There are 2 protein chains.
Amino acid sequence: MATSPNSPTLRSWIDIRPESDFPIQNLPFGVFETDERGPHLGVAIGGYVFDLYAASQFGFFEDLEELGDTQPKVFRRRSLNAFLRLGRPAWRAVRQRVSELLRHDEPRLRDNELAVRDCLLRQTDVRMLRPVKPANYTDFYSSIEHATNVGTMFRDPANALLPNWRHLPIGYHGRTSSIVVSGTSIHRPNGQRKAPDEAAPTFGPSRQLDFELEMAFVVGTGTALGSTVSIDAAEDHIFGLCLFNDWSARDLQSWEYVPLGPFLAKNFGSSIAPWVVTLDALEPFRLAGPTQEPTPLPYLAQTGAHNFDVHLEIALTPAEGPETTISRTNFGLMYWSMAQQLTHHASNGCNLEAGDLYASGTISGPTPDSLGSMLELAWRGTRPLPLADGSERKFLLDGDTVIMRGYAEKEGVRIGFGEVRGTVLPAI
Amino acid sequence: MATSPNSPTLRSWIDIRPESDFPIQNLPFGVFETDERGPHLGVAIGGYVFDLYAASQFGFFEDLEELGDTQPKVFRRRSLNAFLRLGRPAWRAVRQRVSELLRHDEPRLRDNELAVRDCLLRQTDVRMLRPVKPANYTDFYSSIEHATNVGTMFRDPANALLPNWRHLPIGYHGRTSSIVVSGTSIHRPNGQRKAPDEAAPTFGPSRQLDFELEMAFVVGTGTALGSTVSIDAAEDHIFGLCLFNDWSARDLQSWEYVPLGPFLAKNFGSSIAPWVVTLDALEPFRLAGPTQEPTPLPYLAQTGAHNFDVHLEIALTPAEGPETTISRTNFGLMYWSMAQQLTHHASNGCNLEAGDLYASGTISGPTPDSLGSMLELAWRGTRPLPLADGSERKFLLDGDTVIMRGYAEKEGVRIGFGEVRGTVLPAI
């Protein structure tokens, strides 16, 4: 039997720094291009991108029946979507094969100088693209700490959680067109805002620009309209996870969101990390989520470990000055699991599509230094957040760069998510 | 100068019944297939579909520079999207040419028996497909009568309109995957619902399934992220309009929608008519919308006629029994114009994409027989709606078919939208 690509004993013939996000046990998927090639699908390994298209040209995948007659063209695409449609057997076969090719004791690629030169590119030499063309994008609201904080600030501290919150994973549809890859700068949005003490709204640059630390999962295999997904089958549809920043304009949001939800406060831009870490790679990092009380209705009831122990952090770098880590939290805290989100989403017959993105909602922890948005970190502007350069923030300033990072770690193996990064540009 | 394709004096050599939705002045675009051909783009004329791909094979468009080198392949697609990306000069050139080919005094197609046989198919012999692959879908809430009715029923009759409503076109993002073409049946959704007198939610088939009469506009030419669209330029981006039914499960909606808006109450299915009537064809039917008070902020302020006088009606046919017309209203009543919706949507830098759908929200008139949803027609179940077969409805029953139709009429010319039709199937 083949060695699991997750085995902690695996080593690569590629020199990988111990603190790298991309050891041989990770092998996340993305899409890249250079001036000379691409866009191609690639896999991250140490400081390199393994070019799946180039590798397929060398015949390294030609015996993989799971790919059918799709290669090499499935690897020469601007998004993972076509690859996602092939299903988990294909995802697993490719990851397994890439793992084999990169193992220290496997000479097939290692000793083929021409292939090594063509298949491995330094990450600093490529441009990463948006990994998926989002077919649909849903944003959930699944951190009980975040929902409680928002309810406390904006509604009633005594009844911070709304009556429906513990019964279903609250979510809403977002905009796909404005989802951009990490590194893309975001203009501060203009919009209508009206403070409580103002008689009428005005239009202008948002005064309360914020980020939201989220994880998004990518759906690989879709469903037909009118069909549902049982809670036990939900994870079968999930290809992998990535970091996600749901930029938010709080002043626009509070004026517009009743009764139909957030709209222009969100759709000016969302940032996605370039690397999608497969659910397979995250298997060793499962943990049980918080106890759910009341017990969810039967269609959402699950037992076992369906959360994932992913350490997360947020850093902020001003236009000039050093980076400050402003929050550390964990994805494992989420009240509603990804499986519950997906099963709920499909429970009314809504069809899933390959390339769908489902974001978690802001991931906040229980302590003041583990909150996932500036709104919460500076508590609606009432406790400004100090930065390393001596300045402080209530909300984001033009020139600020927000960086989110994450990793899972166990038995000496550290699976990282890379980062999602974006700089705030002035309003146009 | 070429005769306008909108001229009331135009006649076709095709025999068209006077009550047809598709006189030569209309020429709406859609996508069809048969067992032998397609999917191809087509134009409706009388009881026929004019096959644009077949026509391009006969060389009828070969001198149209606006199409560049895209033909014939742009006409052999599963959606209008690629054609939309060509922009208004191409849309206009094709409509103008089709108009010329179909005129009674133009022999070029008329006298070419082979071409006539190949380019014209009876509508009863083709299957119409979803006209666009929706890139993004936004649903607005732009009828003041509808918003007032909902606010009266669910909130406070004395303050039925929320404070933001007259300041901006309220909207939210919807789900694209479940937008289906007219004729597709819709399963009654299951979901969580909790009546006020119930202690906890239960999961099961919606007991308050409803329709919403809407018009959707299709964006032809997109914008870049970070750019905006001035109110005067907004209509340049609009390709055309079609009928739209935003099926809604009111019991799911009232339980889930606070605070992030409608979600599973809507995304189990939305129905779109197969024919997109171009904005060009609707030019003669412009009218000014209602007076807006207070005057919108400058970025939304517009003068002139930016609404469209489109008569709309809703019919309901039970599983067995005759059709009953249950509502008659007009699209010209909408408080917020399409141009205002589009400009607002882009005002924060959100990018538009070819194939975007923007639905109007429920179109209700001022009288009890002009309401656009069953919720309003039966006033939350308090005044059941009588049907021609002697039965009555508070909400939709399994087996009910909802049909929405619309047309504009002036100077003896009647531009119809066809219909959007869907039958309710039992919950799975």
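Residues numbered from 1 in each chain as written. Chains lettered and ligands numbered in written order. Predicted model: local features only at pLDDT ≥ 70, side-chain atom pairs only at ≥ 80, totals over all residues. Heavy atoms only, no water.

A.B. asks: Before we go on, may I ask you to explain empty space enclosed by the protein in this structure?
C.D. replies: Any empty space left between the atoms is revealed when a probe the size of a water molecule rolls over them. This structure, assessed with the given rule, holds 10 cavities of 30 Å³ or more. Its volume calculated, the largest cavity comes out at about 280 Å³. As for the largest cavity, its lining consists of 20 residues, of which Leu260 of chain A together with Tyr141, Val150, Arg250 and Gln253 of chain B are closest to the centre. Mapped by element, the contributors of at least two residues to the lining of the largest cavity are strand E6 (137-140), helix H6 (144-154) and helix H7 (250-256) of chain B. Per-class residue counts for the lining of the largest cavity are 10 nonpolar, 5 polar and 5 charged. Considering only enclosed or pocket space, the second largest cavity measures out at about 90 Å³ in volume. Around the second largest cavity, the lining comprises 15 residues; the ones closest to its centre are Gly174 and Thr176 of chain A together with Tyr137, Gly174 and Thr176 of chain B. For the lining of the second largest cavity, the residue count by class is 4 nonpolar, 9 polar and 2 charged. (1 Å grid on protein atoms, 1.4 Å probe; cavity = no way out; pocket = protein on both sides within 12 Å on 5 of 7 lines; lining within 4 Å. Points joined across faces, edges and corners; volume = space filled by probe spheres on them. Helix = DSSP H or I, 4+ residues; strand = E, 2+ residues; numbered from the N terminus. Nonpolar A, V, L, I, M, F, W, Y, C, P; charged D, E, K, R; others polar.)

A.B. asks: Looking at this structure, I do not really get the state of the cysteines. What am I missing?
C.D. replies: Structurally, a disulfide amounts to a covalent bond that connects the sulfur atoms of two cysteines. For the coordinates displayed, the defined rule picks out 0 disulfides over all chains. You can see Cys350 of chain B has no disulfide; the closest cysteine sulfur is in Cys242 of chain A, sitting 19 Å from it. By relative accessible area, Cys350 of chain B is classed as buried at 0%. (Disulfide = S-S within 2.5 Å. Buried < 20%, exposed > 50% of the residue type's maximum accessible area, 1.4 Å probe, protein only.)

A.B. asks: Which parts of the structure should I look at to understand the relation of the copies chain A and chain B?
C.D. replies: Superposing the two chain copies requires a rotation about an axis and a translation along that axis. Of the two same-sequence chains, chain A is brought onto chain B (RMSD 0.0 Å, axial shift 0.0 Å) by a rotation of 180 degrees. Expressed as a symmetry operation, the mapping of one chain copy onto the other fits a two-fold axis. In terms of proximity to the rotation axis, the leading residue of chain A is Gly261 of chain A, whose C-alpha is 2.1 Å off the axis. The overlap is high: 100% of the interface residues of chain A also sit at the interface in chain B, so the same surface is used on both sides. (Least-squares fit on C-alpha atoms with pLDDT ≥ 70 in both. Contact = heavy atoms within 4.5 Å.)

A.B. asks: What's the story with the sheet that holds strand E9 (residues 186-187) of chain A in this structure? I'm lost.
C.D. replies: Strands in a sheet are paired, the pairing made by backbone hydrogen bonds, and the direction either parallel or antiparallel. Residues and elements named next belong to chain A. Taken in spatial order, the 5 strands make up an open sheet running E9-E26-E25-E20-E21, and their pairing is mixed. With partners counted over all chains shown, the strands left at the sheet margins are E9 and strand E21 (324-330), one partner each. Strand direction decides the pairing type here: strand E20 (residues 311-317) and E21, joined by 6 bridges, are antiparallel. For Leu316, the partnering residue across the bridge sits in E21 and is Thr324. (Pairing = 2+ DSSP bridges.)

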